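# Structural features, examined
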Amino acid sequence: MPSPAAYQPYRSVLYVPADNPRAIDKAKGLPCDAVILDLEDAVLPDHKALARAGAAHALREGGFGKPVLLRLNGLETPYFQADLEAALLSAPAGIVLPKAEDPASVRELHLGIPLWLMIETPLGVLRAAKLAAVPGVAGLMVGANDLLLSLRARATPGRLPLLYALSAVVLAARAAGVLALDAVYNDLQDGAGLEAECMQGQGLGFDGKTLIHPGQIAAANRVYGVSETEVQAARELMHAWQEAEEQGLGVVQHAGRMIEELHARQARDTLGRWEAEQRGE
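Figured I'd write up the structure that's included with this text. (Residues numbered from 1 in each chain as written. Predicted model: local features only at pLDDT ≥ 70, side-chain atom pairs only at ≥ 80, totals over all residues. Heavy atoms only, no water.)

### So, the sheet that holds strand 3 (residues 68-71)
To keep things clear, this is the line we draw: Strands qualify as paired when DSSP identifies two bridges or more between them. Helix and strand labels come from DSSP, where a helix needs a run of H or I of at least four residues and a strand needs a run of E of at least two; each type is numbered from the N terminus. Angles run from 0 to 180 degrees between N-to-C directions of axes, and those axes are lines fitted to C-alpha atoms, restricted for helices to the stretch in contact.
In spatial order, the strands read 1-2-3-4-5-6-7-8; together these eight strands close into a barrel with parallel pairing. Pairwise comparison of adjacent strand axes, ignoring direction, gives a mean angle of 25 degrees for this sheet. Two strands pair when backbone bridges link them, and strand 4 (residues 94-97) and strand 5 (residues 115-119) are joined in this way by three bridges, in the parallel orientation. By the bridge assignment, L97 is partnered in strand 5 with L117.

In structure tokens, the structure reads:
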């Protein structure tokens with residue numbers, strides 16, 4: 001079984017404006033799996049320096065008990081170089097790069113800190129596999145709002161205009177062996193809509209969801225987490241598989257279906273993810 005570190009959950013990843021000290025302090029006690037200190041969209045232009053300083057202070061102070069990523073402003077912005085320097089000095093758990101499109105530019109940014117690439121443009125979607133394969137990339141994140149704008153598409157229930165892009169991101173991430181995080185859900189009052197979108201993303205293969213409000217954490221953790229039913233089924237399958245191995249069998253019938261090593265690996269992964277989730281609670 002892989003080491004526990006391999007099962008760090010990213011079910012719920014909360015954006016926090018880096019110019020808001022109260023929100024940063026609150027995030028330390030929230031049950032999200034990871035935090036993104038945001039220097040980009042959530043911060044007004046005249047607050048960029050303040051946000052940069054706030055993020056650096058928060059990262060030095062620590063106390064989150066979970067991975068803390070830092071979202072920089074884009075490569076083409078006047079803020080990028082200062083953001084990058086701040087990231088290198090404060091050493092977040094990862095750097096989030098908006099509107100990633102050019103694998104060569106991403107390769108130049110690999111300076112020892114894991115990179116998380118936001119796929120939020122048509123070119124980014126088309127190059128997702130090449131971007132995910134760049135050394136140092138830890139994951140891909142969908143930026144649906146910008147992508148819809150670029151596509152001249154409309155946000156609809158079920159996200160039909162984005163299904164190709166969502167699947168392309170998951171496929172690219174899986175091919176490269178990195179994580180894939182689904183886009184934020186904008187309507188803070190629509191709990192049912194959030195639940196449905198989490199279920200859709202989980203069904204498509206995403207590892208978790210990026211969030212914009214603490215009230216969204218519980219739904220993401222629940223949908224992307226491992227249920228007690230899944231844990232029990234995995235334990236029973238592993239028991240059956242261990243008995244089969246002792247008998248020298250490479251395939252055995254269990255719960256009305258044939259299982260083999262592939263299913264045992266899936267069960268081990270399920271149990272590993274569940275144990276990691278329990279450690280984080």
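### Brief notes about the environment of K66
To be explicit about the condition: Distance and chemistry together define a polar contact, namely a pair of N or O atoms within 3.5 Å, with one atom able to donate a hydrogen and the other to accept it when in protein, and with adjacent residues in sequence counting only for side-chain atoms on both sides.
Relative to the elements of secondary structure, K66 occurs in the loop between helix 2 (48-61) and strand 3. As for K66 and P31, which are separated by 35 residues in sequence, their C-alpha atoms are 9.3 Å apart. Reaching out from K66, the side chain makes a polar contact with the backbone oxygen of L30 at a distance of 2.9 Å.

### What about the nonpolar core?
Selection criterion: Grouping buried Ala, Val, Leu, Ile, Met, Phe, Trp, Tyr and Cys residues that are joined through side-chain atoms within 4.5 Å yields what is termed a nonpolar core. Exposure classes here rest on a 1.4 Å probe applied to the protein chains alone. A residue is buried below 20% of its type maximum, exposed above 50%, and partly exposed in between. By the convention used here, residues are in contact when the closest approach between their heavy atoms is within 4.5 Å.
Among the nonpolar cores identified, the biggest contains 63 residues, and L37, L72, V106, L117, L140 and F206 are the most heavily contacted of them. Of the residues forming this core, the biggest block, seven residues, is contributed by helix 8 (residues 163-176). Setting aside residues up to four positions removed in sequence, L117 forms contacts with L97, A100, V106, L131, V137, G139, L140 and M141. The next biggest cluster of nonpolar side chains, apart from the first, holds 14 residues, and it includes V231, L237, W241 and V252.

### Comments concerning the packing of helix 9 (residues 191-204) against helix 10 (residues 217-224)
Packed helix pairs are characterised by how far apart their axes lie and by the angle those axes make with each other. Worth spelling out the cut-off: Should the near helix be turned anticlockwise from the far one by less than a right angle, the crossing is left-handed, and should it be turned clockwise, the crossing is right-handed. Side-chain classes follow a simple rule in which Ala, Val, Leu, Ile, Met, Phe, Trp, Tyr, Cys and Pro form the nonpolar group, Asp, Glu, Lys and Arg form the charged group, and the remainder, Gly included, forms the polar group.
The interhelical angle for the contact between helix 9 and helix 10, taken along N-to-C directions, is 35 degrees, at an axis separation of 9 Å. When the axes of helix 9 and helix 10 are compared, the crossing they make is right-handed. Each of L194, E195, C198, M199, G201 and Q202 in helix 9 lies in contact with helix 10, whose residues at this interface are A219, A220, R222, V223 and Y224. Its residues assigned to classes, the contact of helix 9 with helix 10 comprises seven nonpolar, two polar and two charged.

Keep in mind these values describe shape, not function.
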